Number of protein chains: 4
Amino acid sequence: MTISFKNDYSEGCHPRVLEALVRTNRVQQDGYGVDEYCQRAAALISEKANSPASKVHFVSGGTQANMLVIAACLKPHESVIAATTGHIYTNETGAIEATGHKINAIEASFGKLTPAHIRQVLDAHMNKPHVLKQRMVYISNATEMGTIYSKQELTDVYNFCKENDLYLFMDGARLGNALVAKDNDLTLADVARLTDVFWLGGTKNGALLGEAIVINNPILQEDFAFHVKQRGAMLAKGRVLGIQFEELLRDDLYFDLARYANEQAMKLKQAFSDKGILFWEDTITNQIFPILSNTQIEHLAQKFTFHHWRKINETHSAIRLITSWATASENVEALVREIGQL
Amino acid sequence: MTISFKNDYSEGCHPRVLEALVRTNRVQQDGYGVDEYCQRAAALISEKANSPASKVHFVSGGTQANMLVIAACLKPHESVIAATTGHIYTNETGAIEATGHKINAIEASFGKLTPAHIRQVLDAHMNKPHVLKQRMVYISNATEMGTIYSKQELTDVYNFCKENDLYLFMDGARLGNALVAKDNDLTLADVARLTDVFWLGGTKNGALLGEAIVINNPILQEDFAFHVKQRGAMLAKGRVLGIQFEELLRDDLYFDLARYANEQAMKLKQAFSDKGILFWEDTITNQIFPILSNTQIEHLAQKFTFHHWRKINETHSAIRLITSWATASENVEALVREIGQL
Amino acid sequence: MTISFKNDYSEGCHPRVLEALVRTNRVQQDGYGVDEYCQRAAALISEKANSPASKVHFVSGGTQANMLVIAACLKPHESVIAATTGHIYTNETGAIEATGHKINAIEASFGKLTPAHIRQVLDAHMNKPHVLKQRMVYISNATEMGTIYSKQELTDVYNFCKENDLYLFMDGARLGNALVAKDNDLTLADVARLTDVFWLGGTKNGALLGEAIVINNPILQEDFAFHVKQRGAMLAKGRVLGIQFEELLRDDLYFDLARYANEQAMKLKQAFSDKGILFWEDTITNQIFPILSNTQIEHLAQKFTFHHWRKINETHSAIRLITSWATASENVEALVREIGQL
Amino acid sequence: MTISFKNDYSEGCHPRVLEALVRTNRVQQDGYGVDEYCQRAAALISEKANSPASKVHFVSGGTQANMLVIAACLKPHESVIAATTGHIYTNETGAIEATGHKINAIEASFGKLTPAHIRQVLDAHMNKPHVLKQRMVYISNATEMGTIYSKQELTDVYNFCKENDLYLFMDGARLGNALVAKDNDLTLADVARLTDVFWLGGTKNGALLGEAIVINNPILQEDFAFHVKQRGAMLAKGRVLGIQFEELLRDDLYFDLARYANEQAMKLKQAFSDKGILFWEDTITNQIFPILSNTQIEHLAQKFTFHHWRKINETHSAIRLITSWATASENVEALVREIGQL
């Protein structure tokens with residue numbers, strides 16, 4: 001059987017998370033997210049984010065988190081701005097539009113929005129009320145390309161949003177990977193301070209499932225639980241999410257797992273670089289995009305599974321390799337050896 | 001601390017389910033519900049339902065299952081008929097309407113719809129196109145009142161639906177409890193044969209989370225996965241649902257757990273009956289609704305937690321007691337003793 | 001050919017309205033509702049309603065006005081309360097639900113809501129966030145039954161709404177008929193003062209088409225034009241609506257037409273009463289509901305068209321007769337004669 | 001006062017249309033679009049389109065027609081493909097998305113889609129079910145740029161749609177102008193044969209308001225009236241639309257008006273060309289886009305109103321001039337004189 005570097009959700013969860021589920025299994029708790037585990041996990045997040053006034057809600061997946069937040073925050077005539085590479089624009093089967101909202105997408109290098117991009121969208125929508133009112137900006141960190149926002153970049157975007165009456169929403173499916181990346185200068189507290197709402201991904205960083213939506217802007221906090229329920233995101237056994245996040249966050253496990261994942265990816269990146277192989281995108285988190293010849297791809301595919309990202313020309317394509325907390329180091333070494341022989 | 005009889009989702013999951021999660025934890029699988037566990041669990045359901053052509057999709061909760069199925073099956077001008085006690089009408093924060101569809105609700109004794117009820121709704125909607133076109137009937141089994149449909153009753157409803165171009169959809173949050181109830185004469189195969197689509201609940205019967213949507217009508221099978229994704233119901237680690245259902249269904253565990261839950265409720269029912277206490281609804285599944293004096297309720301509330309169902313008069317109210325696979329028999333015995341002293 | 005008393009939109013418009021359309025036909029104006037006619041008509045309404053801060057938007061029909069107002073005012077988790085006889089609940093093909101909002105309907109005598117009805121709905125929705133948050137009350141005046149609200153009744157409902165954080169919305173498809181009805185003590189200024197938003201119907205009172213939405217609550221005024229456009233309600237030649245309302249309101253034509261319609265209905269009512277015939281609902285506007293024997297109905301149907309409202313028993317049914325500004329007095333006289341011979 | 005060339009809906013309607021409204025004003029008819037005028041107008045359209053099986057519905061505006069058709073034809077997981085210049089993508093305040101559907105927009109020269117464009121969108125959506133299923137193609141003829149589809153071009157698009165299970169929908173706000181344009185080789189019968197559904201615009205070609213939706217594909221005809229009502233598009237006095245379309249189509253008035261409008265635009269085009277002035281888009285219908293120096297624009301703006309279309313560089317911009325059936329020839333002559341003096 002081949003070894004998969006296809007994504008960061010190929011395995012179950014970190015053993016400590018399973019142990020926590022086992023340990024708490026018979027304790028009786030109230031349902032629907034008001035159990036003690038959720039409360040403690042929420043408190044841990046607020047504390048680590050240095051944002052005691054933030055409100056935390058746990059849901060089961062990323063598309064769910066995105067559609068729920070956007071639908072809860074926007075009125076019918078308001079739209080959300082995103083990069084054309086944004087997950088909500090490319091890979092969520094129209095989940096946002098299904099709640100009635102248009103995404104105003106704009107091409108952005110490295111998957112990262114700047115004030116200039118946002119300004120461009122606003123300028124293209126002057127013919128009010130025949131066009132939508134832009135009211136939110138959606139960014140991902142790490143982005144879908146594996147790149148990250150610096151503190152200055154995020155500050156610039158946030159300030160621009162505040163000057164233009166826009167909410168800033170960060171998709172944090174891989175926020176852990178971003179925050180521990182080499183060269184990163186953002187902290188979780190910065191993220192809480194520089195966004196109106198963001199979510200901290202569990203699914204791709206050690207949990208069986210679960211994302212923590214963190215609402216920093218008090219205006220957006222009101223009545224949020226109604227939306228969680230209405231969109232089918234309120235688990236009867238909400239404890240399942242609380243237990244996992246408490247375990248991941250009661251020490252530094254969450255960040256340790258993300259760091260481990262990044263390190264494995266960087267080992268692979270180094271191995272490709274050592275062979276003079278170039279990358280479609282220069283990344284420092286847990287995904288890399290080497291550009292290989294078709295022959296090289298076929299060769300690697302004999303032992304490893306990965307995503308064919310995009311064709312570069314007739315003879316070459318970029319592939320995507322992803323690592324996670326669960327990537328066995330012997331598998332990384334096996335792949336590094338194989339790369340050495342390309 | 002009090003002992004809770006408040007609902008059937010107060011604890012985690014059956015130990016065998018946890019063991020299965022532990023056992024499979026490091027196996028690499030594809031994401032988004034196309035893993036081997038989901039495939040095997042789906043096959044087990046089809047087999048037990050004697051319905052090889054049915055298609056199975058796993059989602060994380062009941063409201064999600066309901067809104068997803070209804071939104072996938074109906075066109076914008078079509079509505080769904082339900083009892084006024086139906087979960088979609090009372091306790092889902094407008095999740096169905098949020099997808100654009102009206103519920104035509106009608107009062108029904110024991111929470112059960114008959115052809116006469118459905119006919120009444122159809123007759124009240126003759127002024128087409130100024131009224132909606134009814135296209136689906138939603139029933140729950142066991143109902144929200146703890147009652148169940150007999151084979152004759154379900155057959156009558158199904159035949160009426162087919163004669164009137166209506167889909168029949170069964171919410172099976174507690175289908176296990178219904179199918180093993182004393183006096184029940186329905187099988188899972190009957191349910192598959194006599195509905196267009198139903199779901200088999202995991203959350204309330206041994207799983208951490210998860211419901212299995214079973215689509216029997218081929219017309220409704222097409223493109224269903226798009227809807228699962230669009231409504232935020234497709235877990236990246238879909239395996240989490242497949243593993244649980246496979247474990248619950250690879251032998252009779254699922255039904256054994258439901259039977260155990262019913263038995264505990266019936267013990268409590270007997271204890272109340274022995275004291276001459278009456279019930280708001282005569283149930284044979286895992287929930288009972290004894291009518292107690294306020295003094296009796298206060299007395300029980302010292303040691304036990306339960307739901308105050310509804311006020312009967314100034315001196316009496318009905319309470320709801322629910323049991324599950326996790327209800328410890330010593331807790332039942334403790335409550336039986338307490339009932340004996342009322 | 002038979003003479004129709006079937007509804008109040010069987011003919012075109014009042015001749016003065018046509019003349020105004022002819023007179024203004026070649027004048028160039030800006031599109032989309034910002035023309036001078038709309039501005040003047042809006043000013044006339046604000047003036048007659050003694051409500052200079054109100055904002056007026058003209059749309060083409062009643063269902064459009066209702067769905068637009070409700071969708072613009074409510075957030076996804078908010079619902080609207082209405083009588084089960086409310087037009088939005090019975091005869092709009094799920095238009096409100098299609099925008100994502102549930103109608104919490106309650107049976108109300110004479111089609112009129114009281115604080116007690118609204119309280120009853122609120123009390124049934126305590127289990128938050130598993131139920132919707134009620135945020136608006138919808139009433140019609142005249143009601144769908146032809147009854148009207150007194151000043152005291154409307155004041156009571158409005159005060160209750162304000163105490164309970166509910167918007168009050170009045171459907172005024174037949175508001176003219178209500179305001180000039182015998183025994184009415186409400187003025188247009190009262191309506192503006194005692195609602196958050198209402199609309200003044202043109203279609204059923206002299207216009208070819210058109211309803212004027214009047215928003216009194218400043219919070220609901222913001223961005224409303226976006227919603228008008230988004231729901232397809234912004235006519236390119238918005239002037240068509242402005243011209244008609246200006247003509248109807250520049251003197252008392254609008255109210256004169258409504259008064260005439262009511263008077264014709266009351267003549268018919270008197271004729272039935274003189275024969276000792278009873279009514280299904282005691283009305284004082286432009287619709288009456290006499291209860292006739294099947295033989296009597298058949299007899300009248302030979303020369304007149306009307307709505308069979310509902311079966312009372314095997315031998316009797318209520319019919320509905322509606323008059324309008326266009327009901328020719330000779331037709332009324334002909335019907336009165338026929339009634340005399342029943 | 002300045003003379004407006006700003007749009008083709010600055011005046012009322014053609015005098016014959018007003019006369020028809022006057023002539024029929026007192027005739028009693030049933031409401032909601034089932035009157036005799038609508039029936040006759042529908043029959044005239046079917047006849048002129050040589051498409052007896054087509055079904056016709058009259059609505060009041062273009063955005064309404066577009067959102068209604070798209071929402072009626074698509075399921076929740078299906079999307080519509082359009083040019084980035086398409087009216088539904090640029091100028092309808094998210095009306096389509098508000099019904100839950102995403103528009104997959106693609107840049108297209110001259111505002112016209114080809115099979116290559118559509119293929120490109122399909123190819124970018126292979127990752128099913130994580131992306132939407134494209135199910136409809138939206139085109140405009142004349143386009144928003146004033147260009148038209150040739151018979152060959154429309155045939156190619158239609159055939160591609162049929163091979164790829166896509167509905168073809170044509171927005172015909174200015175279909176009259178397209179069909180009588182110089183060099184046009186399409187007939188109304190071709191349009192009916194080569195689309196699944198289209199609409200024939202009244203608002204911009206002689207009517208006060210009104211567009212005729214023509215459904216050619218029998219699958220899309222079913223239940224359409226429900227959607228018309230649900231989206232607020234069914235006028236109580238539907239006759240208003242039927243009367244106008246009957247008058248415009250009972251002889252060649254509709255096409256004569258469009259031809260007149262085109263001719264006036266072409267006179268202006270010639271005048272600009274005679275001065276060596278270039279155009280942003282080379283059009284043959286009723287809109288032209290000359291590129292003028294800022295000084296020239298200021299000069300013309302003293303006597304004429306028009307749309308500043310887009311800045312070309314620091315010294316030049318394109319403006320848009322539109323003519324209609326109502327454009328007085330003396331106004332055209334006045335503008336031609338002014339152009340001669342630029």
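Residues numbered from 1 in each chain as written. Chains lettered and ligands numbered in written order. Predicted model: local features only at pLDDT ≥ 70, side-chain atom pairs only at ≥ 80, totals over all residues.

Moving on, we come to the overall build of chain A. If you tally the helices and strands in chain A, you get 15 helices and 13 strands. For 342 residues, the compact-globule estimate of 2.2 N^0.38 gives 20 Å, and the C-alpha radius of gyration of chain A, at 20 Å, lies within 12% of that figure. Its C-alpha atoms give chain A principal-axis dimensions of about 60 × 60 × 35 Å. Within chain A, contacts between residues at least 6 apart in sequence are counted, and of these 74% link residues at least 24 apart. (Helix = DSSP H or I, 4+ residues; strand = E, 2+ residues; numbered from the N terminus. Rg over C-alpha atoms; globule rule 2.2 N^0.38 Å. Contact = placed C-beta atoms within 7 Å.)

The transform that puts chain B on chain C rotates by 180 degrees and translates by 0.0 Å along the axis, for an RMSD of 0.0 Å. Taken together, the turn and the small shift mark the pair as related by a two-fold rotation axis. When you check the interface residues of chain B against chain C, 100% turn up at the interface there too, and the contact is symmetric in its surfaces. (Least-squares fit on C-alpha atoms with pLDDT ≥ 70 in both.)

Moving on, we come to the nonpolar core. Within the largest apolar cluster, 224 residues are counted, with the highest numbers of intra-cluster contacts made by Val137 and Val214 of chain C together with Val137 and Val214 of chain D. Residues contacting Val137 of chain C, with those up to four places away along its chain left out, are Ile81, Leu113, Ile118, Val157, Cys161, Leu166, Leu168 and Phe169 of chain C. Counting residues in each nonpolar core, the second largest holds 223 residues, with Tyr158, Ala258 and Phe272 of chain A together with Ala326 of chain B among its members. (Core = buried A, V, L, I, M, F, W, Y, C linked by C-beta atoms within 7 Å. Buried ≥ 20, exposed ≤ 12 C-beta atoms within 10 Å, placed from the backbone.)

The interface of chain B with chain C comprises 16 residues on the first partner and 16 residues on the second. Residues that form the side of chain B that touches chain C fall into these classes: five nonpolar, nine polar and two charged. (Nonpolar A, V, L, I, M, F, W, Y, C, P; charged D, E, K, R; others polar.)

The next point concerns the domain arrangement of chain A. All names here are of chain A. When its domains are assigned, chain A resolves into domain 1 (3–9 + 253–340) and domain 2 (15–249). When each unit is reduced to the centre of its C-alpha atoms, the spacing between domain 1 and domain 2 is 27 Å. Contact residues are listed per partner, giving 18 residues for domain 1 and 22 residues for domain 2. At eight residues, the largest contribution of residues to the side of domain 1 that touches domain 2 is made by helix 13 (residues 253–274). Considering only residue class, the side of domain 1 that touches domain 2 consists of nine nonpolar, six polar and three charged. (Domains from an automatic or database assignment.)

Let's shift gears to unusual backbone geometry. Residue Lys128 of chain A is joined to Pro129 of chain A through a cis peptide bond whose omega torsion reads 0 degrees. Even without being glycine, Tyr32 of chain C reaches a positive phi, approximately 65 degrees. With respect to the helices, strands and loops of the structure, Tyr32 of chain C is situated in the loop between helix 1 (15–23) and helix 2 (36–48).

Looking now at the packing of helix 1 (residues 15–23) of chain D against helix 12 (residues 239–249) of chain D. Residue and element names in this part refer to chain D. Two elements in contact, helix 1 and helix 12, have axes separated by 9 Å at closest approach and are oriented at 130 degrees. Overall, the two elements helix 1 and helix 12 adopt an arrangement that is oblique. The chirality of how helix 1 crosses helix 12 is right-handed. Taken together, the residues of helix 12 that come into contact with helix 1 (itself represented by Arg16, Val17, Ala20 and Leu21) are Ile243, Gln244, Glu247 and Leu248. In terms of residue class, the contact of helix 1 with helix 12 is made up of five nonpolar, one polar and two charged. (Axes fitted to C-alpha atoms, helices over the stretch in contact; angles between N-to-C directions. Parallel < 35°, antiparallel > 145°, perpendicular 65-115°, else oblique. Left-handed = near helix turned anticlockwise from the far one by under 90°.)

A few words on the sheet that holds strand 4 (residues 103–106) of chain B. Residue and element names in this part refer to chain B. The strand order across the open sheet built from seven strands is 2-8-7-6-5-3-4, with neighbouring strands paired in mixed fashion. The open sheet has two edge strands, strand 2 (55–59) and strand 4, and neither has a second partner. Between one strand axis and the next, the sheet turns through 25 degrees on average, direction left out of account. In the sheet, strand 5 (residues 133–140) pairs with strand 6 (residues 167–171) via five bridges, with the strands oriented parallel. Paired with Val137 across the bridge in strand 6 is Leu168. Against the sheet, helix 2 (residues 36–48) contacts strand 2, strand 7 (197–201) and strand 8 (211–215), and its axis sits at roughly 125 degrees relative to strand 2. Across the sheet, helix 7 (residues 151–163) lies against strand 5 and strand 6, angled at about 145 degrees from strand 6, the strand it touches most. (Pairing = 2+ DSSP bridges.)

The subject of this paragraph is the packing of helix 2 (residues 36–48) of chain A against helix 12 (residues 239–249) of chain A. Residue and element names in this part refer to chain A. Closest axis-to-axis distance for the helix 2/helix 12 pair is 7 Å, and the angle between their directions is 40 degrees. As judged from the angle between their axes, helix 2 and helix 12 are oblique. As helix 2 packs across helix 12, the resulting crossing turns out to be left-handed. Contacts from Tyr37, Cys38, Arg40, Ala41, Leu44, Ile45 and Lys48 of helix 2 reach helix 12 at Arg239, Leu241, Gly242, Ile243, Phe245, Glu246 and Leu249. Looking at side-chain class alone, the contact of helix 2 with helix 12 contains nine nonpolar, one polar and four charged residues.

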